[in-house]
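# Results of the structural survey
The lines below spell out each chain.
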Amino acid sequence: MILCLAIVRHAARFPRAVATGVLLELLCLWTWAAAAADTARPAAQVDFNRQIRPILSDHCFACHGPDEGKRKAGLRLDREEDAFRTLKSGRAALVAGKPEGGTLVERILSKDPDEIMPPPEHGKPLSPAQIELLQAWVRQGARWQQHWSFIARARREALGLALSLPHRSRLG
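Since we're looking at a predicted model, the values are computed, not measured.

This paragraph deals with the overall build of the protein. Along its length, the protein carries eight helices and zero strands. Going from the N terminus to the C terminus, the protein shows its helices and strands as α-α-α-α-α-α-α-α. Accessible area for the protein stands at about 12300 Å²; split by element, carbon and sulfur atoms hold 59% of it.

Now the structure itself:
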């Protein structure tokens, strides 16, 4: 933008360049407005079953899943009602719509090796894309879905979760 203003200022000294300077200024403004519009667009809706459940399963369920004997910090992330409940610390792991409100996002963003989740010794760090996806999901309200196998077939098809199973032919 500053470069555009400099071009227009100096274009006044050169009459032939005035029109070019104005066109360049308009082009710069249009480019700046387009870039600003891209950052203001809402992100696509994050799908829990397709995008979030696999991350939680691969990176979190070993310590925060169904196995009570291996569960850490009393946090269970495989069930919605447990993921949103208040922990011993007085905070919830997930606060729908507020990534900064829950401990899950706080812990996955931590740089402290004693605080970061998953822990370094787990050997399965989250990628930057996975971290952004988890943040976007929480920001969008952390909507939970039943496991796909519990969703009626018609609803699965409507959600784009149809399974392609081979047809069995009847003999006889």
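Moving on, we come to the side chain of Arg76. Within the secondary structure layout, Arg76 lies in the loop between α4 (61–64) and α5 (80–83). A distance of 2.7 Å separates a polar atom in the side chain of Arg76 from a polar atom in the side chain of Asp78. Excluding its chain neighbours within four sequence positions, the residues that come into contact with Arg76 are His64, Gly65, Pro66, Arg71, Asp82 and Ala83.

So, about the nonpolar core. Counting 24 residues, the largest nonpolar core has Ile52, Leu56, Leu77, Leu94, Leu134, Trp137 and Trp144 as its most contacted members. Elements with a contribution of two residues or more to this core: α3 (48–59), α6 (103–109) and α7 (128–139). In terms of residue count, the dominant contributor to this core is α7 (five residues). Each residue touching Leu134, except ones within four places of it in the same chain, is listed here: Ile52, Ile55, Leu56, Ile108 and Leu126.

Quick look at the layout of surface pockets now. Empty space within the largest pocket amounts to approximately 420 Å³. Taken together, 21 residues line the largest pocket, and the ones lying closest to its centre are His64, Ala73, Leu75, Arg107 and Met117. Secondary-structure elements contributing two or more residues to the lining of the largest pocket are α4 and α6. Counting residues per element, the lining of the largest pocket draws most heavily on α6, at four residues.

This part is about the pattern of salt bridges. Summed over all chains, the structure comprises seven salt bridges. Salt-bridge contacts for Arg79 lead to Asp82; the nearest nitrogen and oxygen are separated by 3.0 Å. Take Asp82: its relative accessible area is 13%, and that puts it in the buried class. A salt bridge links Arg85 to Asp82; the nearest nitrogen and oxygen atoms lie 3.8 Å apart.

Turning our attention to α3. Among the residues of α3, those classed as buried are Phe48, Asn49, Ile52, Arg53, Ile55, Leu56 and His59. Taking the backbone nitrogen of Asn49 as reference, a side-chain oxygen 3.2 Å away marks Asp47 as the first, capping residue of α3.

Our focus in this paragraph is the packing of aromatic side chains. Enumeration over the complete set of coordinates arrives at four aromatic pairs. Every member of this aromatic cluster is reached through a ring pair, and the members are Phe48, Phe84, Trp137 and Trp144.

Moving on, we get to α7. In this model α7 runs 16 Å from its N-terminal to its C-terminal C-alpha over 12 residues, within 8% of the 16 Å that 1.5 Å per residue would give. Buried residues of α7: Ile131, Leu134, Gln135, Ala136, Trp137 and Val138, and no others. At its buried positions, α7 is contacted by α3 and α6. Residue Gly141 follows α7 closely and has a positive phi angle near 110°.

Rules used throughout
- Residues numbered from 1 in each chain as written.
- Predicted model: local features only at pLDDT ≥ 70, side-chain atom pairs only at ≥ 80, totals over all residues.
- Heavy atoms only, no water.
- Helix = DSSP H or I, 4+ residues; strand = E, 2+ residues; numbered from the N terminus.
- Areas by Shrake-Rupley, 256 points an atom, 1.4 Å probe, with all protein chains shown as cover.
- Polar contact = N/O pair within 3.5 Å; in protein donor to acceptor, adjacent residues only side chain to side chain.
- Contact = heavy atoms within 4.5 Å.
- Core = buried A, V, L, I, M, F, W, Y, C linked by side-chain atoms within 4.5 Å.
- Buried < 20%, exposed > 50% of the residue type's maximum accessible area, 1.4 Å probe, protein only.
- 1 Å grid on protein atoms, 1.4 Å probe; cavity = no way out; pocket = protein on both sides within 12 Å on 5 of 7 lines; lining within 4 Å.
- Points joined across faces, edges and corners; volume = space filled by probe spheres on them.
- Salt bridge = Lys/Arg side-chain N within 4 Å of Asp/Glu carboxyl O.
- Phe/Tyr/Trp six-rings, centres within 6.5 Å; stacked < 30°, edge-to-face > 60°.
- Expected span 1.5 Å × (residues − 1).

Limitation: the analysis is restricted to geometry and does not speak to function.
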